[in-house]
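Each chain, letter by letter, is given below.
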Amino acid sequence: MDNLLELFRTRRAEICDAFSRRISGSLPLKQGPGRFCEDMIDVILACHERDSRSPAQAWARKLAHKESELSLEQIFASLKCLERSVRFHLLREVVQKKSLLAALAALDDFLDLLRTSCASVISKFDGSAVRFPIELGAIGTASDDFIGLADLQGTILYLNEAGRKMVGLPLSENIEPKSLHSFYTDKSWQEIHDVALAAVREHGNWEGHSRLKHFQTGEEIDVSTKVFVVKSPQTQLHTGLAVFHRSGGDSKVLEGALAEVEARKKTILESSLDPIITIDHNGLVSEFNRAAELVFGHPRETVLGKPPSEVLFPPAKIAGYQNRIDRYLEAGEGSMLGKRTEVTAIRANGESFPAEVAMSISQQSGSPVLTFFVRDISLQKQAEEEQIRYSAELERSNKELERFAYVASHDLQEPLRKILTFGDRLEISCGESLEERDKECLSRMQNAAKRMHVLINDLLLLSRVTTKEKMFERVDLAKVVKEVVSDLEVKIEQTGARVEVGKMPIIMADAVQIRQLFQNLMVNALKFRREEVLPVVKISARFLKIPTQRVGRRSNADEKCRILVEDNGIGFDEKYKERIFTIFQRLHTRDVYEGTGVGLAICRKIVERHNGTIVAHGELGKGATFEIVLPVIPK
Amino acid sequence: MSDTEKCFTIVMADDDPDDCQLLADVMSESGMSHNLRFLPDGEELTDYLWMRGRYTDEKLAPRPDLVLLDLNMPKLDGREVLRQLKDDGFELRVPIVVLTTSSSKDDISFCYDMGVSAFITKPVTFRAWAELVKVLNEYWFKLIKLPSVD
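Conventions adopted
- Residues numbered from 1 in each chain as written.
- Chains lettered and ligands numbered in written order.
- Predicted model: local features only at pLDDT ≥ 70, side-chain atom pairs only at ≥ 80, totals over all residues.
- Helix = DSSP H or I, 4+ residues; strand = E, 2+ residues; numbered from the N terminus.
- Buried ≥ 20, exposed ≤ 12 C-beta atoms within 10 Å, placed from the backbone.
- Contact = placed C-beta atoms within 7 Å.
- Core = buried A, V, L, I, M, F, W, Y, C linked by C-beta atoms within 7 Å.
- pLDDT = per-residue confidence, 0-100.
- Axes fitted to C-alpha atoms, helices over the stretch in contact; angles between N-to-C directions.
- Parallel < 35°, antiparallel > 145°, perpendicular 65-115°, else oblique.
- Left-handed = near helix turned anticlockwise from the far one by under 90°.
- Nonpolar A, V, L, I, M, F, W, Y, C, P; charged D, E, K, R; others polar.
- Expected span 1.5 Å × (residues − 1).
- Pairing = 2+ DSSP bridges.

Before going further, it helps to spend a moment on the overall build of chain B. Looking only at helices and strands, chain B has 5 helices and 5 strands in total. Listed N to C, the secondary structure of chain B is β-α-β-α-β-α-β-α-β-α in terms of helices and strands. The burial tally for chain B puts 29% of its 150 residues in the buried class. If you take every contact in chain B between residues at least 6 apart in sequence, the share linking residues at least 24 apart comes to 68%.

In structure tokens:
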């Protein structure tokens, strides 16, 4: 019952859609099939809520008034159509046999209510003589139920096809002289006569069970029975009886459907690649699919009827697990329910493995049943661990490399300094007495040593970018750029350069490194100038739009800014745009442009340390642009 | 004896014999006759300063007027010496000039935090050494008043 009502609430649109498709314009409905279906569902829900037949009766009256062209047959056909749509959903969605049966029975009741309401209103009566509308004869084709109409004396006036079939009356045989009495076993008729008809007179309807008698074979047929009184819409006087029977044969259809559901369940169970294990209310394994056999290594028979803690999830490995299972079984609740949880499971050969388990609880014949969906994650786990180990190793070796670069360059400085110092001393003390050629040798040695000194210093600087502790603070880029420009004042004046600085943001960064970044880029821009034009360096910045930006409140956690440093210098061939960031990589010989080829490598390292990116664009003879994207607040 | 000719005691703690020799050479070549004491590590320096071990006799180990301290040394390095001086060296009242190969910001900040008088990165050329010694002499022994001078 609850399942049915739930279905009406949650699947209303689908049911109405299916209804519309099934009916597909064959009914002359003024309001459209979807609306018609909605109305029927509303009426059912209203009847349930008020526990009354009056909404159905009101609906029927309204229908007779509004949709007067609609025959009873057509109304019955549409009710049948609704029934099919709803049954389809019920069979698909209600897995528990008991609940399904209850829902289907409830559906029957509601539809009967609608049918009889319509029948009583739309059938036209003519005074005392009972005359059923001609369309009623066609109801037979629309229903699988026994539908019979009789006058108040119990003489049968109409019987549909299904009814004839049920009791073995060929279509050719006239039913008119037959009395209702002849359809039932004596005992059953007694009950109908004494109990049912009395109730019908009193309340207008009766429900129960009775036993029909087959006219040909004499076979007795158990049926559920509903008897309604038929009233004249004009006089409200009782004019006849409507009798509905549904044979037990219908439950065979139901069983067929259930068997189908069961078979489908079985197929899913067996074809699942992941183990599925069910535990009954005694806490014992009641289902163990093929995948479970493969993963755990236990044949199904050896596991069934055993507690899972004994064979699958040993309590030693997962303390309190059995307790928790017990709790779920008793209370149907627990922290693990419906969530994926990692547990240690054990195979038949004693090997333990990590498994992911999702649990769901359900009812089977009134008892709680736990279903475990298990996934062997040992391979994932292994891969994960390998990944972690690999990245840890990578990080360690990176750190080591940086440390090495620092130590090496630091220790290399020492002997180099000596070479420089004592070379200098030698030049001073005996420079005068040396031959011109020897002097030049000494000077070349000194120059080479100086250059190495610069190289090592730069290397040291580069390794310090990452070995240094992260100390991010508020940095006003406008101030930083201003300081850098002022530091380079002499150079700017010498070259006659113009520096244009736009509006700069404030970001969280390492102040010293950001300054270094701008310094290197500015020095580069001034260094690689074209002789024939005055250098122009433009520095600008803007915030990047965040895609998920919320209106009215800017969350700057993901906010980024883009900084451009553009010059009109010699530029470079685009094919070198990656190479220029590599340490010691240079595009020009030293005699043309001084430098070690470390400046941009440092820039990239600084930017990357701030979780940003730096790329270069250039055109030979036109200029270069460095584009930096930095998070406003690096993580 | 006038101040210019006065002989001061300079203790240089440095494990690099080349640099020690260099300083001595430059001083003598510049005509200075200060009393130079070279100590190879931080342990020797702290013993000297606190008059321990071999340095208990003030005649053999005269009180320093100025200490030149290297940072990277075996046994006890310069940073540790500075820490000890900051904790217990209040009464020693001796100016410390750090003379090291390091030029790192962290080292510089650390040393001044420890209360050194000056931080100098060792020069790369001989000429620069000569200039350094000249300036040190002018500043510490002529321009300013040292606490050790009566």
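All names here are of chain A. In this structure, Cys 37, Met 40, Leu 90, Leu 114, Leu 241 and Ala 242 are the most contacted members of the largest nonpolar core, which totals 67 residues. Once residues within four sequence positions are removed from consideration, Leu 241 is found in contact with Ala 150, Leu 152, Val 200, Val 227, Val 229 and Val 230. Counting residues in each nonpolar core, the second largest holds 43 residues, with Val 480, Val 537, Ile 539 and Ala 601 among its members.

Attention now goes to the confidence of the model for chain B. For any part of a model where pLDDT is low, the fine detail of the predicted coordinates should not be relied upon. On average, chain B scores 90 in pLDDT, and the residues at 70 or more come to 96%. For this predicted complex, the interface confidence score (ipTM) comes to 0.75, while the overall pTM stands at 0.47.

Two packed helices can be described by the angle between their axes and the distance between those axes. Residues and elements named next belong to chain A. Orientation of helix 15 (residues 378–430) relative to helix 16 (residues 436–467), taken along the N-to-C sense of each, is 155°, at an axis distance of 8 Å. When the axes of helix 15 and helix 16 are compared, the pair comes out roughly antiparallel. Considering only the axes of helix 15 and helix 16, their crossing is left-handed. Classifying every residue of the contact of helix 15 with helix 16 gives 14 nonpolar, 9 polar and 5 charged.

A separate point is the packing of helix 2 (residues 12–23) of chain A against helix 3 (residues 33–50) of chain A. All names here are of chain A. Running from N to C, helix 2 and helix 3 cross one another at 130°; their axes reach a closest spacing of 8 Å. Taken together, the axes of helix 2 and helix 3 lie oblique to each other. Note that helix 2 runs across helix 3; the crossing there is right-handed. Contacts from Arg 12, Ile 15, Cys 16, Phe 19, Ser 20 and Ile 23 of helix 2 reach helix 3 at Pro 33, Gly 34, Cys 37, Glu 38 and Ile 41. Taken together, the residues of the contact of helix 2 with helix 3 sort by class into 7 nonpolar, 2 polar and 2 charged.

With that settled, consider helix 19 (residues 511–527) of chain A. All names here are of chain A. Look at helix 19: 24 Å from first C-alpha to last across 17 residues, which is about the 24 Å you get at 1.5 Å a residue. In terms of burial, helix 19 is largely enclosed, as 12 of its 17 residues are buried. Along helix 19, the positions that sit buried rather than exposed are Gln 513, Ile 514, Arg 515, Gln 516, Leu 517, Phe 518, Gln 519, Asn 520, Leu 521, Met 522, Asn 524 and Ala 525.

Turning our eyes to something else, we now look at the interface of chain B and chain A. Between chain B and chain A, the contact holds 10 residues from the first and 11 residues from the second. Those elements that provide at least two residues to the side of chain B that touches chain A are helix 1 (17–29) and helix 5 (126–143) of chain B. With 3 residues, the top contributor of residues to the side of chain B that touches chain A is helix 5 of chain B. Counted by class, the side of chain B that touches chain A contains 4 nonpolar, 2 polar and 4 charged residues.

Even without a glycine there, the phi angle at Asp 51 of chain A is positive, about 50°. For Asp 51 of chain A, the location among the structural elements is in the loop between helix 3 and helix 4 (54–66). You will see that Lys 75 of chain B, though not glycine, has its phi angle at about 60°, which is positive. With respect to the secondary-structure elements, Lys 75 of chain B resides in the loop between strand 3 (66–69) and helix 3 (78–88).

With that settled, the discussion passes to the environment of His 193 of chain A. Residues and elements named next belong to chain A. Inspection of the secondary structure assignment puts His 193 in helix 9 (residues 186–203). Judged by the 14 C-beta atoms lying within 10 Å of it, His 193 is partly exposed. Between the C-alpha atom of His 193 and that of Gly 154, which follows or precedes it by 39 residues, the distance is 9.6 Å.

Residues and elements named next belong to chain A. Read across the open sheet, the 5 strands follow the order 2-1-5-4-3; overall the sheet is antiparallel. Strands with a single pairing partner mark the edges of an open sheet, and in this sheet they are strand 2 (156–159) and strand 3 (205–213). Between one strand axis and the next, the sheet turns by 25° as a mean value, whatever way the strands run. The pairing of strand 4 (residues 220–231) with strand 5 (residues 238–247) spans 9 bridges and is antiparallel. Note on strand 5: the bridge partner recorded for Phe 228 is Ala 242. Here helix 9 sits on the sheet in contact with strand 3, strand 4 and strand 5, set at roughly 160° to strand 3.

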